[in-house]
Each structure stands twice: as structure tokens, then as C-alpha cells.
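The primary structure of each chain is shown beneath.
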Protein chains: 2
Amino acid sequence: SAPQDLDLQILETVMGQLSASRIRDNLRELSRDPHLATSPRDEDLVQLLLQRWRDPESGLDSAEASKYEVLLSFPSQEQPNLVHVVGPTGDIIYSCRQTEENLTGEQGGPDVVQPYAAYAPPGTPQGLLVYANRGSEEDFKELQTQGINLEGTIALTRYGGVGRGAKAVNAAKHGVAGVLVYTDPADINDGLSSSSETFPNSWYLPPSGVERGSYYEYFGDPLTPYLPAIPSSFRLDLANVSGFPPIPTQPIGFQDARDLLCNLSGTLAPTTWQGALGCSYRLGPGFRPDGGFPADSQVNVSVHNRLELRNSSNVLGIIRGAVEPDRYVLYGNHRDSWVHGAVDPSSGTAVLLELSRVLGTLLKKGTWRPRRSIVFASWGAEEFGLIGSTEFTEEFFNKLQERTVAYINVDISVFANATLRVQGTPPVQSVVFSATKEIRSPGPGDLSIYDNWIRYFNRSSPVYGLVPSLGSLGAGSDYAPFIHFLGISSMDLAYTYDRSKTSARIYPTYHTAFDTFDYVDKFLDPGFSSHQAVAQTAGSVILRLSDSFFLPLNVSDYSETLRSFLQAAQQELEALLEQHSISLGPLVTAVEKFDAEAAALGEHISTLQKGSPDPLQVRMLNDQLMLLERTFLNPRAFPEERYYSHVLWAPRTGSVATFPGLSNACSRARDTAPGSEAWAEVQRQISIVVMALEGAAATLRPVADL
Amino acid sequence: SAPQDLDLQILETVMGQLSASRIRDNLRELSRDPHLATSPRDEDLVQLLLQRWRDPESGLDSAEASKYEVLLSFPSQEQPNLVHVVGPTGDIIYSCRQTEENLTGEQGGPDVVQPYAAYAPPGTPQGLLVYANRGSEEDFKELQTQGINLEGTIALTRYGGVGRGAKAVNAAKHGVAGVLVYTDPADINDGLSSSSETFPNSWYLPPSGVERGSYYEYFGDPLTPYLPAIPSSFRLDLANVSGFPPIPTQPIGFQDARDLLCNLSGTLAPTTWQGALGCSYRLGPGFRPDGGFPADSQVNVSVHNRLELRNSSNVLGIIRGAVEPDRYVLYGNHRDSWVHGAVDPSSGTAVLLELSRVLGTLLKKGTWRPRRSIVFASWGAEEFGLIGSTEFTEEFFNKLQERTVAYINVDISVFANATLRVQGTPPVQSVVFSATKEIRSPGPGDLSIYDNWIRYFNRSSPVYGLVPSLGSLGAGSDYAPFIHFLGISSMDLAYTYDRSKTSARIYPTYHTAFDTFDYVDKFLDPGFSSHQAVAQTAGSVILRLSDSFFLPLNVSDYSETLRSFLQAAQQELEALLEQHSISLGPLVTAVEKFDAEAAALGEHISTLQKGSPDPLQVRMLNDQLMLLERTFLNPRAFPEERYYSHVLWAPRTGSVATFPGLSNACSRARDTAPGSEAWAEVQRQISIVVMALEGAAATLRPVADL
Ligand SMILES: [Ca+2]
Ligand SMILES: [Ca+2]
Ligand SMILES: [Zn+2]
Ligand SMILES: [Zn+2]
Ligand SMILES: [Zn+2]
Ligand SMILES: [Zn+2]
């Protein structure tokens, strides 16, 4: 009999059954109440997921919750964090809001956590206020160049540019005592800032809205790097934990930021530092004599955050594969939110539940069982730093690495209604293309998702011509440990903006108490057709990966990445490298070898597909495809990083868009003497890439060739 | 049709065709000339191997040689290393031999490398002689306790106790300027030392014999840790290389050692330091006034070793698997010797060639092709530190880890004629037992190899009762990178001594110019029946691993190891740990979980074997078995080690026979204060083992269980 393969009829059935209104119902339930990680409502949702996934008519084969004991950070309910202006005589003459304005009846109550900077240390620094733009290294250097004495000051910074925690790290190096962070209307609201122009009157952020977030530099539970945070695990002494902000930090709304910033004295800030608060931004230090506060007033920041060990749950459900149950297609999203989290993450979870319902129903009816296993995951404590997913990858490192076909992440499923946006590694490009070509786009016109997508994000591929462009995977959601730590081909799917219509950094109510069901229902995706489009895309990708006889991972699509990295190195670094007697020759050879082996494997696949190959033969081939991504891992490549070991996708700080290790090492070596350790590291990084590419080529070769 | 499985007829044919006299012929050819790593004769043997493995009638499917550019160490031909006694006026009054005595006509000529300590630095220290026993830390402390000023002395040490390079490391810490090393007749010759009692009159070491060896502390090419030593690879600056002996070191024969040691002045050495040179060993410093040298004579050691980058070859040959070509049974030995190397390594290579001939002949006749691929390997530069095999594992890390079923090593195949000796990890125990029960032992009586073996090495297994005992794998030959770095189930096979008949550390001519064909033919294995027995054992194991439908790796045999490690921890450490609030509870739970999952998997296998399971189903099961060993790897477990990452088999320096990381950490923590970093490391090591065992159990569970 013919081997089990993708059934287009089943695929069509699934596409047809994914319902926008059920996604809407899911979202209403999921976002009804705030569900901060480990809160009672977060645990209620664990039960909701278990109930759905164990439903006899629409559930999965089995579902389980498991807990990790992890270090989280919360503000004190008894002693809220405060930001004051203190007059010359020590009296409080101005106070920032402690909470967001209760505009829709959902911003009040004990379950709405006060805006805070998770993992910022407690303390009550007081000093003159300075404005430090985005708090980058260059920003603080600029202040220094301007002759401003930063010692003991409070630095007001705006979100963006660098990571949340980096602002405090950079500030502390210059003697700054405390940091305030706000979101400028120029960065989030297309410049609009009045109440009448913002939510609930539009999708823009209200003046009192404050972005919460984790200010921890790494990801995973801070006390248990590389060990699962089970209760018995070894935990670092707090004194040995690195990556927390070094000084007290507190986020505030732009309404409060305006009162502080528009009253500053000192030099006019550079043009690129100006924002949309309706005044000229000055650098400080301190307030101007003709403003709202006495000139020698100071700003006092009281942070009372506490670190707490909490039990955070992951929920996992599985549909057992009929033929290859030991091959996992893993699909997940986090469950925890900062407040109601209608968009982040419930828009993703609403899709996840609808997909598990449709597939579960087919399963329970006996209509269908996938060839490979499908694993559904609801991660805990993502907002604190991808904690649930990271601990899971630590606990099941080997098993997941050996068996996982791909990881699909849908966190925020809809940022906006314009287009699909995909981040992923090259092997998943083809399956996303195949899926999206067959699904109708929700917008006007009769376009496929693919044809709509290509209008917004595209590139000219030397192989395929004009195609939609995939972004690369950073560490913005739970895919990070899967791609960077385990080397599993991964993707993140969402619907998003028309960038010609808004310059918002992200959807405006991100991580605020205004990210509610009504916000989604009225502004983000009325009718939920974009949610449905994401569900269909994810569903089609999952079915193709779990049901296709031949795994639809096109490893030869890595060639384009390698070629482009190599080209950047040749164009922008080769001359410099030659001065230091470092050759790119071995890298050229390695890329060519990869190309040749990938092409030969492609031919082999075509030949096999024309015949009626033995299932064991296809399994062997699929193993080559599945495991290709693993060959790019090197746990010794980046000793200063945590978890990052993928030599193609580790964080790049160097300016040249080439292999990250090479780019970073060159940018460090540039100003050092010939023969320095930094130049040796450049050579080492080239060797690491060559080894990875040669290893990848070896994996693609006919398996019995020496 | 029934799936391809082990064919007992083929097995019997192979057993019958493995010929003692052909092994003897192979050995004569292989050991005809010295074949030091990278020498012309070493390269000639590369060609010999290629010719055999490419033979149209008895060769393999294909064979290739590949080269690595590695850092070796050689004495200078122009300036030989010298050891002199220098009289009070500076004149040389005694010289140690520069070469071994030409007793059989094979110890002379330019291809016999002068005895030397590979990787010992050049230098010409001169000082008073002291005797330092085996050169351990305790030995030098003892000398210190005795009030001997070691500064600037030359320390005479004997082989054994600690590693070769460790003697110089320990010596240098005490200010010693140079080290001499000799083999005491008590340790190698059962006390005999006269010419008439030693080779060529017996198997014992002649008075001029000198053990050569690598004095490098780690293994692999010293310049390219964790990178394959391909020409383009990054190489460490010599200044950054660690692991070489810190001071000049030179090995000498016991004839010369007697002249030095028996003339020493000073206190009588402790009883355990005495040897069989026929005098009372004294500690020095310097010579006694009534001896052969003036009392204030000094010893001068001139070492002129040079480091050289050389091209060393591995040779690989493959028999392509008929059904699962991507599963490799890997069988290897090194090719390079110190001199003629009849025993080390040619006795193993002679067996390897005979096995490849017999299997190749069946293959070329079309009689047989294995289910899985069989890979034959001839490693280069093992004597310098397992270099060829290590570089190979670095180059093909992922591919080998994903696909290799087991690694079988046969280096010295015959140490002596008494019994089989096996070192290996628990999963290979059962296949070795099955094989050896069916092969007749070469000795007197009509015993199987198994029944003979159990008389010499045995233990009482809680599961099986009395069984032969396997030793554990250290780093004595090329299996080391496979088990410790890649986590591949491995074994090392040899025939060896009756320990009641000799106390020799190893066969007496080890690493000397007396390790020749005649030595083997006359003393070690006349008739070559022990060689044949090893060939049959290896052949049967290889066939069972490559041909059995169900992989014959019994993973539940790991339970006994885990239980015994746990028991040692409970009996010898638990009280101490409790004082530091460290619990063994999680370890107990993890061991129990492993046991339960291994037992359940065993039942699952039995059930499957009773039916007619689908090949894909058995492949999935076999993957669980093959990959179990991988789950014990943790590249972050032992940051101070190189390559060692197997949490059960890393080197143990602590005295308690439990998990090595735990044992070592406890022995370091014992004398530190509660709450010290050392005690935190104990807790961390327990967590690392718990994680590994839980990960192992997860791998053994039904693949679709969450
Ligand atoms: Ca952890
Ligand atoms: Ca190397
Ligand atoms: Zn999110
Ligand atoms: Zn978020
Ligand atoms: Zn050897
Ligand atoms: Zn050797």
C-alpha cells in the first residue's frame, strides 16, 4: 500500500473549519482577566487548556501540565514604585502616576500589575534629571561630550534602539543613579498624543499607558542557566547572577514624561533625540528656572521590586503520529501576559486553541491521524524572559534535538491587518510558500496570502526571482531556545502592518493595561479575519510538516544565506583581512561544497519522488533534512553568550551583514594591533564557520560516502 | 518478505574464515619496519591499507585516506638527547645510552627513533640527582617532608602511578629543573633484570629498553582543540598551548637508571619506593661519596626535542549497508607505532586487515551485504595523543553522533594469551556476551571465550549472577573521543594476562625497539590463536551490530552502573552531604525513573520481537537504543576538562566510586567551609547527573508520551 502522505482533502477540510468567530470567542475568554505569569488566572488558563486538550470530542491524545520553579520579579503591592519631583526643601512637588488611567473599566483592580521594570533592583536614588535619548552607549557618550556630569543623576530615556536592560547598564557605567523609561508618541503613536486621538478613541497609546517588560539581559530562569528549573536543581547564588539592571529603573507614561522632559534646562538635545511631546527636548541636568519646577529640584525614583521563586506551568498536548510518532512537529505560544494581554499573547493562544480544536475533532472522529506527532505547547513566564520554553529545552535537550522536525511559534498573531510576516530559517521558507499560495488573503481583492505578502516584504532571489522575504529569528519570543540552543528549524508567524501607514515600533498598547479584547475587536482585527489567516497558515504548515511523506524542508535554500553572508564578507572585509594574512578562501570552498551537496541531494530527492521509495529510505533522507540545522550549532563558538550556539544566527553587533561571529570579531579587532588576540579570534571564527559548513555538507552527502 | 536480520550461517562462515596464519602474515608485513607517525613507512602503510581495502576480490565498497596537519614532537637527529653525569670539574664522567642495544638487528638504523619524551621542552638543566619514586604529588611532598631541597635538582622517577606528563608537572611545582623516567624491573619484569633473563631470551624488557611515549596531558592535536586540524584551521599560538611538560624530561633504560640510582646518597627511600635494581634506593640529593661518582657530581639532561607540523593520515573504508546505510558500525585502530610496533598497534591492525579481508570477500562475491554500514578506520598519530581519531571526531561531530551505532577499538589485540579483556559501556555488554559464548577459547580445555573469560574477570551482577566483568573506558586508545566527546557506545577488545602469573604493568617491551614480530611470534602468541580469538570476537560483535534487525544494545544494563554509583554515594557521601544540606533524594528518584523506563522498554522490545514489526517501527526503537548513550553527554559539565563530557565516565580523581563529577567535587569541597563555592559545585554536579538521568529516561519512554 502507498505510504501515508499529505492528504489535500484533509488539508482543505482543516482550512475550511478554522473559524474566525471561534477565535474571537477564545480571545474573549483568554483575555477576560489579567493573567500575569504564575497568577491565579494564569493557573486557571492552564486548566482551561487542559480541559480543551482533553476534550473527548475535540481534544488531543493526551495533555499534561508541568511546573518549573523560577525566579520572577514583581513590584510590591504594599510599597508601590514611585517617581517624584522633590523641591529644594525636600518636599514632593510632583508625582508620576502609579497606575494607568482607568479608561475602559479594565485598568483598575488588584490584578492589574503596576507598571514596572522586571528584575530592576530596589532602591531610591535621587538626583538631577538628564535626558539620554534611547540610553545607548553612544547616547551617554554624547552627553559626556556635551560636558554634562552624569554622576548621581536620574536619566530619562525612551524605549527603542537598545534592549530594555541595556539602558541601565549603559547609564550605570557613567555614574547615573536611576533610570526612567517612557514611550515617545513619535515612536509609537505616529506623533499623536492627546486623549481624544488615543485609545479608546483609536488604536494609539493613551497618555498614561506604560510599557512593562523584562529588563533581564539573557533568557531562561536567571538562577538555573543550562539546568532545568526543577525544584531540586542547583541554583546560582544571587550574588553570582549577571544580567539584571545594575540600578533602579522605572517605566512611566508619556504624559508624565512630558512634564519632566519639557521642563528640563541645559543644551538643546540633538535633532534625532527630539520627539513628539510638543516641546523642545533639552539635556538637563536639572529643570529650567522658568519651568514648572524650581530649578534645583531633583527627581526621586523609588523602586521596591522583589525577586520571588514561583511555580510556572507549561502545558503540553500531543497528537500521536500514526507512522513516525518519534518525529515531532512542535507548535507553541506563551500563555502569560503582563495585564489582559489580548494581543500579547492571547491572540496567538486563541489561534492555537482553534487549531487544536479542528485537528482534535478530526482525530477524535477517526477521520485523520498525522504521519508524525504534533505537539502543542503553552509556555509559562515568557514575559520574564522566555522562561517556560527555555526550561523545557533544557530538560529535554537530547530528545528534542534528535526528534523535532520544526518549531512553529505564533505569539502575537495579529499586530495589524495588512500582511503576513514570517521570521524563520531558510529550510522552512518553501513550506510557508506552499501553504500561503493556497490560502486566500483576508484583505480586499482576491489575492492569496502569498501574493499579498510579496507586496509588503520581498526580495530578489538569485534562484527564484522575486519572492516574499523572511526575517531572521532574534530572541523576541519562545522560538529563541529552539533555534539558538537546540538548532531546530523554526519560524514565527503573524499578521502585521502596512509600514507606509504607521511608523509605530509595535502595536501601541503593547505590554500596557490597554491591550484588551475590545482593543483587538474594534481596532486591530474587527471580524478576526487576520487571526483566521494566521490560523490557516499555521495549520497548513503544521499539516504539511506532519503529514508529508517527504519532509518539506528545503535545505538547499540555505545556500542563498551562505552566499549572501560570504559576499558581504568578501566585499566589506576581505581587504582588511588580507592585511592581517587572513584568507576567506576556505570559507569560499566550504560554501561551494555546501551548495554542491545540497544540489545533489535535491536531485536525489527528485529521483526518489518519481519512484515508489521504501519508507525506510525516505526516513533516512528526512533525517538528513531534519538534522541539517543541527550541524550549524557549536556550543563553543560564542563563550560570552548564553544559549546562542547557532553559528549563522547568533546576535550580530558588527556592522557587516555576514556570519555573526566573523562580523563581531572583526568589529572588535579593527582597532587592535596586528597579531593581537582579537585578530586571532577573527581567524578562529572563520574556522568555526568553515567547520560548521563542512559538517553540514557532510550531512547532506550520500550517507554511505566517506 | 522478512526484514534482513543477522544470518547465523554468514556469522559461522566469517568465524571459520578468520585465519591465524593470515593474521601472522599481516603482522610480519605491518611490523617489518619502524613506522612512526607521518614517517615514510607510515605513509607506505596507508597505501597498503588502501590497496587491501580497494582490492576487487577482497576489498570494501570504497576506501579513502585523508590528512590532518598536526603538531608532533621529535628528537633532533643532529643533536640527540643526552643524559650525563658531570664531575666536580665539569667533565663528563658518565653517559646514559642514546639508543637501545641492537640485540636482534632491528634496534639500529635511522628509522629507530631515539627514546624521548614527546612534547617535553628542549633545555639542558643540570643539578644534583634526587629519586622521586613515581613522581606523584605525594611523592614530591614526601621528599619535601624529608627536608630535601628540590630547587634546581634533576628528579629520577619510574613509570607508573601517574601519567607520563604529570611527573614533570608535579616536579616543576617544587623547583625541579629536569626529569628522568625509567621502567623499574619490579614493575615490568617481575623483578628480573639480567640480559640472560630478558628479550631475546624471554618476553621481559632488556636492560637498555626504554619506553617512549607522549607526555602531552590532553589528547587531540595540541594546536586545534575542538577544531579539525585541516590546513586552514585556526591554530593556537604556542604561548597559549597548555598541557606540555613544563621542564625537560627524558626516559632512560633501567641499566642506566641503576647506575644513577644505586649511587645516590641521602636517606633510605620508603619501602614502597624500593624496586628491583638490586640495591637500596636512596633519595639523594646527589651521589654518595663511596659510590661510582664523586659526591658532588651533577646530572646533566640535554633535551633537543622539536615541535613540527606534520601531515598525518587516517584511512577509512566502508561496506555500505543494504537497508540502513546511514547507520554506522565503526571499527578502528591506530596505524602509527613508536618503532616497529608489532604489538602496539600492529597486532590490532593485523586483525583489522584479516576481518576486512573476510568480510570484503563475502561482499565482493555477492554472498552478503550488511544491513547497516560498517566503517573501518586506521587512525594516524595515536601515539602522540589519539590525534587522528580525535581530529576525525571534530571534523564529523554531528554526522557521527547522529548515525553511529557503536565504536569498536582493537589496538593491542594481544597482551598475552590467558583471557579476553573488554572495556566498554554497559549497552555493549550483552552483544559481547552473545558473541563470546559462541567462540571457542584458544587455551587448553574446550571452553568458550566467555567461559574462559569469566575465570579471570568476573563480578556478581544483581541481575545476571556471576558474569565476566567489563572494565571502564579511560583514554588509553582511540575510543576516547568516541565515548567521551561524542557519547557513542564503545568498546576496546584484547587478549591479556593471567594476573597471577605476572605483575607487569603492561607487556614488557611496550613502546620500545624490542616490540618486534619475533617478540610476538616467539613469546606473546606463538601460533597466533589469541589474535584469531580477538578477530573472531570483534567480527562477531561487528556482524551482530551491523546485521541484527533489532540493535543488540541492552540499555537496561546501565541500571547496574547507576545503582552502584548511587550506592557508593549513599554509603560514603550521604552523611557528609546532609551536613551541608545537600540531598541525594533527586538522584535516587532519577535512578529509579531510569530503571523503570529501561525495564518498560525491554518489555516493549520483547513484545515487538514476538510479532512481525514494521521496519520503521524497529528503526524508531533502534534509534532510542543507539541514542541513549548521547543523553549522558553534557558539554558544560566539566569546564576544566577537554573533550570529556560524558557525565558517567569522565575521569574520577575523588576516591568514592560514584558519578565522577560528584566524586571529584566532594573531594575538593571536603576541606572547605560550609557555603563555599566548592560545596555549590557539589550541588551543581548532582543536578547535572539528575538532568542526564532524567533526560535518558525521557529518551527511553514511549516516543509519543509527553
Ligand atoms: Ca534553567
Ligand atoms: Ca583538533
Ligand atoms: Zn508575547
Ligand atoms: Zn510580550
Ligand atoms: Zn596503541
Ligand atoms: Zn602505544
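Residue positions within a chain follow its written sequence, with the count starting from 1. Here every chain gets a letter starting at A, and every ligand a number starting at 1, in the order they are written. Selection of residues for local features in this predicted model requires a pLDDT of at least 70, selection of side-chain atom pairs for listing and counting requires 80 or more, and totals for whole chains, interfaces and linings are taken over all residues. Based on all heavy atoms of the structure, the side-chain values leave hydrogens and waters out of the count.

Explain the overall build of chain A here, please?
Working definition: helices are DSSP H or I runs of at least four residues, strands are E runs of at least two. Numbering for both runs from the N terminus. Scanning chain A from terminus to terminus reveals 21 helices and 19 strands. Against the globule reference of 27 Å for 706 residues, chain A gives a C-alpha radius of gyration of 26 Å, in line with a compact fold. Each principal axis of the C-alpha atoms in chain A carries an extent, and together these give about 90 × 65 × 55 Å. Partly exposed residues are those whose accessible area sits between 20% and 50% of the maximum for their type, while under 20% is buried and over 50% is exposed, using a 1.4 Å probe and protein chains only. Within chain A, the fraction of its 706 residues that count as buried is 64%. Throughout, a residue-residue contact means that at least one pair of heavy atoms, one from each residue, lies within 4.5 Å. For chain A, the share of sequence-separated contacts (at least 6 apart) that also reach a separation of at least 24 residues comes to 78%. Taken as two groups, the 55 positive and 80 negative side-chain charges of chain A have centres that lie 3 Å from each other. Each radius of gyration reported is based on C-alpha atoms, and the globular scaling rule is 2.2 Å times the count of residues to the power 0.38. Charge convention: Lys and Arg are scored as positive, Asp and Glu as negative, and His as well as the terminal groups of each chain are ignored. Where a charge sits is defined by one atom per residue type, namely NZ (Lys), CZ (Arg), CG (Asp) or CD (Glu).

Honestly, the state of the cysteines in this entry has me stumped. Any pointers?
Covalent bonding between the sulfur atoms of two cysteines defines a disulfide. Residue and element names in this part refer to chain A. Any two cysteine sulfur atoms within 2.5 Å of one another count as a disulfide. In total, this model carries 2 disulfides over all chains according to the counting rule given. With a sulfur-sulfur separation of 2.0 Å, Cys-262 is cross-linked through a disulfide to Cys-279. The sign of the -80 degrees torsion about the S-S bond sets the Cys-262-Cys-279 disulfide as left-handed. Taken together, the residues span a long stretch of sequence, with Cys-262 in the loop between α7 (254-261) and β11 (298-302) and Cys-279 in the loop between α7 and β11 at a distance of 17 residues. For the unlinked cysteine Cys-96, the closest cysteine sulfur is that of Cys-262, found at 13 Å.

Teacher, can you tell me more about the pairing of strand β2 (residues 82-86) of chain A here?
On a regular strand, one side chain projects to one face of the sheet and the next to the other, so that they alternate. Residue and element names in this part refer to chain A. Most of β2 is tucked away, with 4 of its 5 residues classed as buried. Here a strand pair is declared whenever DSSP counts at least two bridges between the two strands. Looking at chain direction, β2 and β11 are connected through 5 bridges and run antiparallel. Bridged to Val-86 within β11 is Gln-298. When β2 meets strand β3 (residues 92-95), the two strands line up antiparallel, connected through 3 bridges. Pairing of Val-85 across the sheet is with Tyr-94, part of β3. Here β2 folds back onto β3, and the loop between the two strands holds 5 residues, one of which, Gly-90, carries a positive phi near 90 degrees.

Looking at this structure, how should I read the coordination of the calcium ion (ligand 1)?
Metal coordination angles in their ideal form are 109.5 degrees for the four-donor tetrahedron and 90 or 180 degrees for the six-donor octahedron. Residue and element names in this part refer to chain A. Here the calcium ion (ligand 1) is held by Thr-224 (O), Thr-224 (OG1), Leu-227 (O), Glu-391 (OE), Glu-391 (OE), Glu-394 (OE) and Glu-394 (OE), and the distances to it run 2.2 to 3.2 Å. Listed donor atoms are N, O and S within 2.8 Å of the metal (Na, K and Ca: 3.2 Å). As water is not included, a site may look incomplete. Mapped onto the sequence, the residues coordinating the calcium ion (ligand 1) show the spacing T-x2-L-x163-E-x2-E. Separated by 167 residues along the polypeptide, Thr-224 in the loop between β9 (213-214) and β10 (249-251) and Glu-391 in helix α9 (residues 387-395) bring together distant segments of the chain. Neither Thr-224 nor Glu-391 differs from the other in exposure class; each is buried.

When you look at the nonpolar core in this model, what are you seeing that I'm missing?
A general tendency of soluble globular proteins is for nonpolar side chains to be buried together. For the purposes of this section, nonpolar cores are sets of buried Ala, Val, Leu, Ile, Met, Phe, Trp, Tyr and Cys residues that join through side-chain atoms within 4.5 Å. The biggest cluster of nonpolar side chains holds 466 residues, and the ones touching the most others in it are Leu260(A), Phe384(A), Leu260(B) and Phe384(B). For Phe384(B), the contacting residues outside a window of four places in its chain are Leu36(B), Ala37(B), Leu72(B), Ser73(B), Phe74(B), Tyr116(B), Ala118(B), Tyr119(B), Ser214(B), Tyr216(B) and Trp338(B).

Which parts of the structure should I look at to understand the relation of the copies chain B and chain A?
A rotation about some axis, followed by a shift along it, carries one copy of the chain onto the other. When chain B is fitted to chain A, the residual RMSD is 0.0 Å, and the transformation amounts to a turn of 180 degrees plus an axial shift of 0.0 Å. Taken together, the rotation angle and the small translation identify this as a two-fold axis. The rotation axis passes nearest to the C-alpha of Leu616(B) in chain B, at a distance of 3.0 Å. Both copies share a contact surface, since 100% of the interface residues of chain B are interface residues in chain A too. A residue counts toward the fit only if its pLDDT is at least 70 in both copies, and the copies are then superposed by least squares on the C-alpha atoms of those residues.

Even after reading the chapter, I still don't get the sheet that holds strand β12 (residues 306-319) of chain B, so can you show me in this structure?
Remark on secondary structure: sheet strands pair via backbone hydrogen bonds, oriented parallel or antiparallel. All names here are of chain B. The 7 strands lie next to each other as β1-β12-β14-β13-β15-β19-β16, forming an open sheet whose pairing is mixed. Bordering the open sheet on either side are β1 (62-74) and β16 (419-424), each of which pairs with just one other strand. Within the sheet, the average angular offset between the axes of one strand and its neighbour, ignoring direction, is 20 degrees. Note on geometry: axes are C-alpha line fits, over the in-contact stretch for helices, and angles between N-to-C directions span 0 to 180 degrees.

What is the right way to read the pattern of salt bridges from this model?
Residues and elements named next belong to chain A. In the sections that follow, a salt bridge refers to a side-chain nitrogen of Lys or Arg positioned within 4 Å of a carboxyl oxygen of Asp or Glu. In the structure shown here, the tally under the stated rule is 70 salt bridges over all chains. Put simply, Arg-288 and Asp-290 hold a salt bridge, and the shortest N to O gap is 3.2 Å. The exposure class assigned to Arg-288 is partly exposed, which follows from its relative accessible area of 25%.

Could you clarify how one ought to interpret the side chain of Arg327(A) in this entry?
Counting through the fold element by element, Arg327(A) comes out in strand β13 (residues 324-334). Filtering out sequence-adjacent residues up to four positions away, Arg327(A) remains in contact with Arg372(A), Ser373(A), Glu402(A), Arg403(A), Val405(A), Arg619(A), Asp623(A), Met626(A) and Asp623(B).

What exactly am I supposed to notice about the interface of chain B and chain A here?
The accessible area lost on association of the parts is a frequent measure of interface size. Contact with chain B, which involves 57 residues of that partner, is made by 57 residues of chain A. Connecting chain B to chain A are 4 salt bridges. Between Asp623(A) and Arg619(B) there is a salt bridge, and its shortest N-O distance comes to 3.2 Å. N or O atoms closer than or at 3.5 Å make up a polar contact, with two conditions inside protein: a donor-capable atom paired with an acceptor-capable one, and, for residues adjacent in sequence, both atoms drawn from side chains. The tally of links from chain B across to chain A stands at 12 residue pairs in polar contact (both at pLDDT 80 or more). Going through the elements one at a time, β1, β12, β13 (324-334), β14 (372-379), α10 (397-403), α19 (615-628) and α21 (677-700) of chain B are the ones with two or more residues in the side of chain B that touches chain A. Top element by residues in the side of chain B that touches chain A is α21(B). It accounts for 10 residues.

Got a minute to help me understand the coordination of the calcium ion (ligand 2) in this structure?
Residues and elements named next belong to chain B. Within the protein, the calcium ion (ligand 2) binds to Thr-224 (O), Thr-224 (OG1), Leu-227 (O), Glu-391 (OE), Glu-391 (OE), Glu-394 (OE) and Glu-394 (OE); these donor distances fall in the range 2.2 to 3.2 Å. Of note, the donors binding the calcium ion (ligand 2) are all from one chain and are spaced T-x2-L-x163-E-x2-E. Note that Leu-227 is positioned in the loop between β9 (213-214) and β10 (249-251) and Glu-394 in helix α9 (residues 387-395), a separation of 167 residues in sequence. Each of the two residues, Leu-227 as well as Glu-394, counts as buried.

Before we go on, may I ask you to explain the side chain of Ser490(B) in this structure?
All names here are of chain B. In this structure, Ser-490 sits in strand β19 (residues 490-496). You can call Ser-490 buried: its relative accessible area is 0%. Looking at Ser-490, its side chain comes within polar contact range of the main-chain oxygen of Ile-488, at 2.7 Å. Non-local contacts of Ser-490, meaning those with residues more than four positions away in its chain, are made with Tyr-407, Gln-423, Gly-424, Thr-425, Val-428, Leu-473, Tyr-479, Phe-482 and Ile-483.

How should I be thinking about the sheet that holds β3(A) in this particular structure?
Taken together, the 4 strands give an open sheet; going across it, the order is β3-β2-β11-β5 (chain A), and neighbouring strands pair in antiparallel fashion. Lying at the two open borders of the sheet, with one neighbouring strand each, are β3 and β5 (126-127) of chain A.

Looking at this model, I keep getting lost on the environment of Leu264(B). Mind explaining?
Residues and elements named next belong to chain B. Along the chain, Leu-264 falls in the loop between α7 (254-261) and β11 (298-302). Remark: the alpha-carbon pair of Leu-264 and Gly-284, spanning 20 residues in sequence, is separated by 5.2 Å. Leave out the neighbours within four places in its chain, and Leu-264 touches Leu-129, Val-130, Tyr-131, Arg-282, Leu-283, Gly-284, Gly-286, Phe-287 and Arg-288.

What am I meant to see in the environment of Glu383(A) here?
All names here are of chain A. Within the secondary structure, Glu-383 sits in the loop between β14 (372-379) and α9. In this structure, the C-alpha to C-alpha distance between Glu-383 and His-511, residues 128 residues apart in sequence, is 9.3 Å. Looking at Glu-383, its side chain comes within polar contact range of the side chain of His-511, at 3.1 Å.

Read these as spatial facts, not as claims about activity.
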